[in-house]
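# Descriptive structure summary
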Amino acid sequence: MIDRQNLQAFHPFSRLTRLLEGIPAGPAPLGASIPLALSVGEPKGQPPAFVAEEIAANAGDWSRYPPARGTRAFLEACSAWLERRYDVAPGLIDPQRHILPLPGSREGLFFATLATVPQSPRDGDAAPPVVLIPNPFYHVYAGAAVAAGAEPVFLPTTSETGFLPDYHAVPEEVLARTSLCILCSPSNPQGAAASRRQLKDLLVLARKHDFVVAFDECYAEIYTHSPPPGALDIVGELGGSLDNLLIFHSLSKRSNAAGLRCGFAAGDAKVIDGLDAILRVGGAGVPLPVMAAGTRLWNDEEHVEAVRSFYRGNFEIARQVLGNRFGFSVPDGGFFLWLDVGDGEAAAQKLWREAGIKVLPGAYMSVADSEGYNPGEKYIRIALVFDAEVTKAALGRIVEIL
Ligand SMILES: Cc1ncc(COP(=O)(O)O)c(C=O)c1O
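Residues numbered from 1 in each chain as written. Predicted model: local features only at pLDDT ≥ 70, side-chain atom pairs only at ≥ 80, totals over all residues. Heavy atoms only, no water.

### Observations regarding the domain arrangement of the protein
Split by domain assignment, the protein resolves into domain 1 (4-46 + 303-401) and domain 2 (50-299). Look at where the C-alpha atoms of domain 1 and domain 2 centre, and you get two points 25 Å apart. At the junction of the two partners, domain 1 supplies 31 residues and domain 2 supplies 33 residues. Taking both sides of the interface into account, the surface hidden between domain 1 and domain 2 amounts to around 3000 Å²; carbon and sulfur atoms contribute 62%. Among the residues of domain 1 in contact with domain 2, Arg-308, Asp-332 and Met-365 are the three that bury the most area, contributing 18% of the side total. At the surface where domain 1 touches domain 2, the tally comes to 0 salt bridges. One can count 15 residue pairs in polar contact (both at pLDDT 80 or more) joining domain 1 with domain 2. The biggest single contributor to the side of domain 1 that touches domain 2 is helix 13 (residues 302-322), with 7 residues. (Domains from an automatic or database assignment. Contact = heavy atoms within 4.5 Å. Buried area = accessible area lost by both parts, 1.4 Å probe. Salt bridge = Lys/Arg side-chain N within 4 Å of Asp/Glu carboxyl O. Polar contact = N/O pair within 3.5 Å; in protein donor to acceptor, adjacent residues only side chain to side chain. Helix = DSSP H or I, 4+ residues; strand = E, 2+ residues; numbered from the N terminus.)

### Regarding the environment of Gln-46
Along the chain, the position of Gln-46 falls in the loop between strand 1 (36-37) and helix 2 (50-57). With relative accessibility at 66%, the residue Gln-46 sits in the exposed group. Distance in space between the C-alpha atoms of Gln-46 and Glu-83 is 26 Å, their sequence separation being 37 residues. (Buried < 20%, exposed > 50% of the residue type's maximum accessible area, 1.4 Å probe, protein only.)

### Some words on the side chain of Ser-179
In this structure, Ser-179 sits in strand 5 (residues 178-184). Those residues in contact with Ser-179, other than ones at most four positions away along the chain, are Thr-116, Val-117, Pro-118, Pro-129, Val-130, Phe-211 and Val-212.

### Details of the pairing of strand 8 (residues 263-267)
In terms of residue burial, strand 8 counts as a mostly covered element, since 5 of its 5 residues are buried. Burial along strand 8 is two-sided: the residues Gly-263, Ala-265 and Gly-267 and Phe-264 and Ala-266 are all buried. The sheet contact formed by strand 2 (residues 99-102) and strand 8 spans 4 bridges and is antiparallel. Within strand 8, the position partnered with Leu-102 by the bridge is Gly-263. The pairing of strand 7 (residues 245-250) with strand 8 spans 5 bridges and is antiparallel. Note that in strand 8 the partner of Ile-247 across the bridge is Ala-266. (Pairing = 2+ DSSP bridges.)

### With respect to the packing of helix 5 (residues 105-116) against helix 11 (residues 269-282)
Between helix 5 and helix 11, whose axes approach to 9 Å, the crossing angle comes to 110 degrees. Viewed along their axes, helix 5 and helix 11 adopt a mutual orientation that is roughly perpendicular. Residues Gly-108, Phe-111, Ala-112, Leu-114, Ala-115 and Thr-116 of helix 5 pack against Val-271, Gly-274, Leu-275, Ile-278, Leu-279 and Gly-282 of helix 11. Each residue belonging to the contact of helix 5 with helix 11 can be placed in one class, and the counts come to 8 nonpolar, 4 polar and no charged. (Axes fitted to C-alpha atoms, helices over the stretch in contact; angles between N-to-C directions. Parallel < 35°, antiparallel > 145°, perpendicular 65-115°, else oblique. Nonpolar A, V, L, I, M, F, W, Y, C, P; charged D, E, K, R; others polar.)

Structural data, given as structure tokens:
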């Protein structure tokens, strides 16, 4: 049970801090700074230098409030990128109607949940609206669902399901109450990407039961082999409408710019308007100088290829060091390792005690089902964000210790 008044108790990193409290950190590999936080998915590379130039060039706009619907240049850069990246008919996306700037996908997902979940019935006996969430999950999905007064319904994503939810297994009664479904693809933590078929089936289901699907695609640009499909790839096959669909993109991972706070949502014009309305009440907006830098970044692919090749290099190191241990394989996307170590919490404590390495127990990204089974329990999540030397040394120590 996630308590809205006590979200701190369920926050993954607060739980990790409590788990390691009182345990002295062991000597880190290569004398790296302690802690060596492989637990956090924060890029260590830098965005291109033109970001700082663009912000400086637009410094005169710091006095202005951010325009809620963005600048024309930003919206057009986002829609041009979507058209380059996905199999979407030119002109289907109207930048003014279908795109909304966001500080990041986190804020977008949170406010989109508030905007799409209807107020719970006041009658205590009536069942609340449902938000479908993969399990394990990015904590914001569940936090947003409880903040909105919805019932989060967690769908197991295990090695048996290809680390993606099986929507065919959701009972009709639950689908009838569903107002929002969140799918992360490529997923955090496992890096599994839904196929075109799976994306299509989900959107068909959403239209049948009239719920919105929030496709969290913030890892879409970090991949080793081919670009993972996205929800926009399949709208053409489903009549070409954006109904019931919302996608979230961000520069945080694509451009090593997590601190810039710049992303966008795209999709169903009605849902975009609803999201815009609630952001005008409680949102921070994207400042104009940041939007100018974001425009440059969405228009540029060269730096993204460099970012991809950085993570590709780290996955190659992981392949060499881990082999087939812990169920390792190179994921479809993202920059995490999701390793089956038997007991994630015990492994996290051991790695900290013996090597000053912080990893996230999988159970802190997941919840137990009604039978007490927690699909994350056996796992640890490792972010491959450090450079090759540190990554190699850290993974080598992890293999030695575990
Ligand atoms: C799955 C997932 N979604 C969304 C976010 C939020 O990213 P941002 O708000 O920086 O775009 C993260 C960040 O780690 C994430 O892992």
